[in-house]
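Structure assessment
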Amino acid sequence: MTKHLQEFQRIADANSGNRAAGTPGYDKSLEYAAQKLRRAGYRVSTTDVEFPTGWAELAPPELNVVAPTPKTYTPNVDFLTVGSSGSGDVTAEVQVVDAVLPPGPTPSTSTAGCEASDFAGFVAGRIALIQRGTCPYVQKATNAKAAGAAAVVFFNEGQPGRTEAYNFDIGEWRFGIPIVFADFAVGNELAATPGTQLHVKTSTRVDVGRTKNLIAETRTGDPNKVVMAGAHLDSVHEGAGINDNGSGSAGLLETALQLAKLPVKHKVRFAWWGAEELGLLGSNQYVEGLSQAQRDKIKLYLNFDMIGSPNFGYFIYDGDNSDNVGSPAGPPGSAQIEKTFERFYQKRDLNFRGTDFSGRSDYGPFIEVGIPAGGLFTGAEGIKTPEEATLFGGTAGQAYDPCYHAACDGLNNINATALDVNSDALAWATATYAYDLSAIPPRATAANTAKSSTAKTAATQVAVPEGAAS
Ligand SMILES: [Zn+2]
């Protein structure tokens, strides 16, 4: 592993000091791992990942009623283009989605568009008119897009202080349809006349960068029972990313190279994700690109993001929510995975603690579609408590990783003991499940993912070749 980390450092040094998605430092890191995996006998492939590199509004938007009574609204006063909106010129009937009009007594009385079921009667090709309230705009737009909306007009909810149009960025550039935000008066007026024919136009430019996930799969093992383990390979632009996440990447790579010598019972698929630092994009797009049948074959997913922090703690993802903080428990099986890691530390008489199963690393997209997951973490910018210093050693009152997302995340930013122990845990858990999945409860297929609209979209895809993603 030390050799892998030295190579990652050398690659960063030769390429502007980092290994960020879309840069030569990332591509060379991927090629380094891919070559070793190919030589070890793995079936090696890559899947495409897109990420936004810029967004610009090229012209003011247009919004006007065509019929029954023509009326033109004033851009950047009555309404404005939502950040990350696609470009488009749409004339269609407007359809109100689950609005509360007149507005409720308190902010977020409206839950308009937050549930896919809000769009049950929505006619594809129409313009969705969606009130502010309760959930993020991106969630409303995701549901609208899935329901076939040709454009989205958001409007403010209507309570005092919640009437004007304002600027925001929806943070998702892949909808590809016009999205504008109007003040309450406009929304209220459009909602009042069923059958209104509306014209919406936005002129924007979305710049898209491309990178890749690296996938390596054993040639042996039951292809209907896939054990997946992953780590993000990209760093931030600020540094070489040796702890974040050279540590997980190197542990995973060495585990794969060693496991290649064993006749595994279940297929083992390793993933080195791209563009995690840009919002889990590699893992997200990978899971999105799988058919339901392909998802059903993945029996569990193990994640390793920062496993050698200099002021480390031995933290296991709290898959059963026994700590009762933050996010709820993961899909059935996540508790058992947590137990597997607990047993590893117990056997070595090492202390461990849970860490919130927040979904904020590459396991997030997996648990979202019902695949059980687990993994390890040695801490990032958080501060070590005195209790943790007693459990793990190190320095209380200091960050677990003082060089988190900084230029100093280099070869010296690794605790060799933590990396050694955790890479053994990684190998042990992966090998355990490669031979024995009896601890993981069988899960009902398709039903688990019914709550995810993106999953439903992908489930309708047919005949995606095994292993191919987006
Ligand atoms: Zn990370």
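This text gives an overview of the structure that appears in the document. Just so you know, these numbers come straight off a predicted model, no measurement behind them.

Next up on the list: the coordination of the zinc ion. Coordination of the zinc ion by the protein is provided by H232 (NE2), D244 (OD), D305 (OD) and D305 (OD), with metal-donor distances spanning 2.1 to 2.7 Å. Of note is the zinc ion, whose 4 donor atoms meet at the metal with angles of 52 to 153° in an arrangement that counts as irregular. As a motif over one chain, the donors of the zinc ion read H-x11-D-x60-D. Here D305 lies in the loop between strand 11 (298-304) and strand 12 (315-317) and D244 lies in helix 5 (residues 242-259), a separation of 61 residues in the sequence. Taking relative accessible area as the criterion, D244 reaches 4% and is therefore assigned buried. Judged by relative accessible area, D305 falls into the buried class, the value being 9%.

Side-chain pairing between opposite charges can occur once the charged atoms of the two side chains come close. Under the defined criterion, the tally for this structure stands at 16 salt bridges. With a closest N to O distance of 3.1 Å, R205 and D207 form a salt bridge. Classification of R205 as partly exposed rests on a relative accessible area of 42%. Residue classification places D207 among the partly exposed residues on the basis of a relative accessible area of 26%. Salt-bridge contacts for R269 lead to E217; the nearest nitrogen and oxygen are separated by 2.6 Å. Of the two residues, R269 is situated in strand 10 (residues 266-273) and E217 in strand 8 (residues 197-217); the sequence distance between them amounts to 52 residues. E217 matches R269 in its accessibility class, with the two residues each being buried. Connected via shared salt-bridge partners are R43, E217 and R269.

Cut-offs used in this document
- Residues numbered from 1 in each chain as written.
- Predicted model: local features only at pLDDT ≥ 70, side-chain atom pairs only at ≥ 80, totals over all residues.
- Heavy atoms only, no water.
- Donors = N, O, S within 2.8 Å, 3.2 Å for Na, K, Ca; no water.
- Tetrahedral: all angles 85-135°; square planar, octahedral: opposite > 155°, others 65-115°.
- Helix = DSSP H or I, 4+ residues; strand = E, 2+ residues; numbered from the N terminus.
- Buried < 20%, exposed > 50% of the residue type's maximum accessible area, 1.4 Å probe, protein only.
- Salt bridge = Lys/Arg side-chain N within 4 Å of Asp/Glu carboxyl O.

Purely spatial values, then, with no claim about function.
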